[in-house]
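Residue-level structure breakdown
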Amino acid sequence: MRFFFRSRQFKIILIVFIIIVALSSVFGIIGGSIAPQANIAGTIAAPFQQLATNISNAFSDFFKAYNDGNKLLLENSELKAQLNEMNEKLAEYDAATAENEFYKDYLGIKENNPDFTFSDATVISRDSQDPYGGFVINCGSLNDISLYDPVITDAGLVGYISEVGLTTSKVTTILSPEITIGALDNRSTDSGIVSGNLELAGKKFCKFYNLSRSCNVAIGDYVVTSGEGIFPDGLLIGTIENIGSDPYNTSIYADIKPFTDFYELRNVMIITEFDGQLSPEEREK
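Being a predicted model, the structure only gives us computed values, none of them experimental.

Check the secondary structure of the chain and you find 5 helices and 12 strands. Taken over 285 residues, the chain has a buried fraction of 34%. Considering only residue pairs separated by 6 or more positions, the chain has 58% of its internal contacts joining residues 24 or more positions apart. In the form shown here, the chain has an accessible surface area of approximately 17,100 Å², with 55% of it arising from carbon and sulfur atoms.

This is the structure we're talking about:
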C-alpha cells in the first residue's frame, strides 16, 4: 500500500482533487457575493462543490479503509502469533503425553523383568534401500550399547543392534534373514526358529519354521522368544497368520505378523543387560 502513495497515479489524483477543491472554493466565494436571485456563479459553482465533496468523501472512505485494513492486518498477525504459540504448546503436550505413555509401558515390562537394564532411544533415520525396515537410533557405545543387544517396543521384539558407533547405532529387524531367533508358540509351547526372507518382508511378515509335523500350532497363536541365543525369553514376536508344510522336508512352518510395525517406529528400548545374557564373544559366534 505504501508504494501506491508514491506512484504517479496517486499524484495525478491528488492534483485533480486540489484543482477541483480550489475551483469550488473560488466559485463559492464569488457566488456568495452576488444576490441570491442573480446567483449565476453559485449555480456554476454548485457542481464543482458537489464534485469536491464527493471526492473528499471518497478520499475519507479510502483512508478509513486503509487504516481499517492496517488494523485488521495487525490483528491477524497477533492472532497468527497466538495460534502458533498454542500449536507449539499442543505439540509439546502431545510429545510429553506420548513420552509418559512410552515410559509407563516400559515400566510394566521392567516390573515383569527386574533383571532387564534398558536404554531408551529415538529413531533418527531409515535406510530406504533396506527391504527389511532397518533404521538408525541416536544411541551408541557411549550409552553402553553393544553389538547384538535386543531392541524392543512395548508391543514386542524389533530386532537387534547390528552396528555400533559412539553416538548412533544401526538396528536390524526380525524381518531380515540375518536374524535367527529361538521361539515358542505361547499356547502349545511348540518350538522352532523365527527368521525373515525377502518375499515375506514385502508383506511385513517373518517365518516360524523347523516346527515338528506333530506340532499343535494354530492360526492366531502368539509366538515368543524361547531364551535361546541372544534374546531373553518371553519377548512377544507376533501372531501366526498362515500355516504350511515345507516341501523340502517333513517340518511345518508358519507365517508370523510381528506385533511391531517397524516402519512407524519413533522410539525404542535397547535391553543392554539381562540374566543369562551371552558374553560379547559368545554373541559373535
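The discussion continues.
Turning our attention to the pattern of salt bridges. Per the counting criterion, the structure on display carries 2 salt bridges. Across the pair Asp221 and Arg187 runs a salt bridge, and its minimum N-O distance is 2.8 Å. Separated by 34 residues along the polypeptide, Asp221 in the loop between β8 (206-211) and β9 (222-225) and Arg187 in the loop between β6 (181-185) and β7 (191-195) bring together distant segments of the chain. Residue Asp221 is classed as buried on the basis of its relative accessible area, which comes to 8%. As a salt-bridge pair, Asp261 and Lys204 come within 3.6 Å of each other at their nearest N and O atoms. Of this pair, Asp261 sits in the loop between β11 (252-258) and β12 (267-273) while Lys204 is found in the loop between α4 (198-201) and β8, placing the two residues 57 residues apart along the sequence. Residue Lys204 is classed as partly exposed on the basis of its relative accessible area, which comes to 37%.

Attention now goes to the pairing of strand β10 (residues 236-245). Direction of pairing for β9 relative to β10: antiparallel, over a ladder of 3 bridges. Along β10, the bridge assignment pairs Tyr222 with Thr239. Bridge analysis of β10 against β11 gives 7 bridges, and the strand direction is antiparallel. Paired with Ile240 across the two strands is Ile256, which belongs to β11. Here β10 hands over to β11 after 6 residues, the two strands then running antiparallel side by side.

Evaluation of the coordinates by the stated rule reveals 5 aromatic pairs. Arranged with centres 6.3 Å apart and planes meeting at 70°, the rings of Phe116 and Phe274 form a pair that is edge-to-face. Of this pair, Phe116 sits in the loop between α3 (40-112) and β1 (117-126) while Phe274 sits in the loop between β12 and α5 (280-284); the two residues are 158 residues apart in sequence, bridging distant segments of the chain. The class of Phe116 is buried, set by a relative accessible area of 2%.

With 45 residues, the main nonpolar core has Ile137, Val194 and Phe208 as its most contacted residues. Ignoring sequence-local partners within four residues, the contact set of Ile137 consists of Ala121, Thr122, Val123, Ile124, Ile161, Thr167, Thr168, Ser169, Val171, Val268 and Ile270.

With that out of the way, let us pick up the environment of Val171. Along the chain, Val171 falls in strand β5 (residues 169-173). Along the backbone, Val171 and Asp149 are 22 residues apart, and their C-alpha atoms lie at a distance of 9.4 Å. Those residues in contact with Val171 that sit more than four places away from it in its chain are Gly134, Phe135, Ile137, Val151, Val158, Tyr160, Ile161 and Ser162.

This paragraph deals with the environment of Ile109. Here Ile109 is to be found in helix α3. Here Ile109 falls in the buried class, since its relative accessible area comes to 17%. Spatially, the C-alpha atoms of Ile109 and Asp154 are 7.5 Å apart, while their sequence positions differ by 45 residues. Once you skip the residues sitting within four places of it in the chain, Ile109 turns out to touch Phe116, Phe118, Ile152, Thr153 and Asp154.

The strand order β6-β7-β8-β11-β10-β9 describes a closed barrel built from 6 strands, whose pairing is antiparallel. When strand polarity is set aside, the average angle formed by the axes of neighbouring strands in this sheet is 40°. Inspection of the sheet shows β6 paired to β7 by 4 bridges, in the antiparallel sense. If you follow Leu184 over to β7, its bridge partner there is Ser191.

What counts and what doesn't
Residues numbered from 1 in each chain as written. Predicted model: local features only at pLDDT ≥ 70, side-chain atom pairs only at ≥ 80, totals over all residues. Heavy atoms only, no water. Helix = DSSP H or I, 4+ residues; strand = E, 2+ residues; numbered from the N terminus. Buried < 20%, exposed > 50% of the residue type's maximum accessible area, 1.4 Å probe, protein only. Contact = heavy atoms within 4.5 Å. Areas by Shrake-Rupley, 256 points an atom, 1.4 Å probe, with all protein chains shown as cover. Salt bridge = Lys/Arg side-chain N within 4 Å of Asp/Glu carboxyl O. Pairing = 2+ DSSP bridges. Phe/Tyr/Trp six-rings, centres within 6.5 Å; stacked < 30°, edge-to-face > 60°. Core = buried A, V, L, I, M, F, W, Y, C linked by side-chain atoms within 4.5 Å. Axes fitted to C-alpha atoms, helices over the stretch in contact; angles between N-to-C directions.

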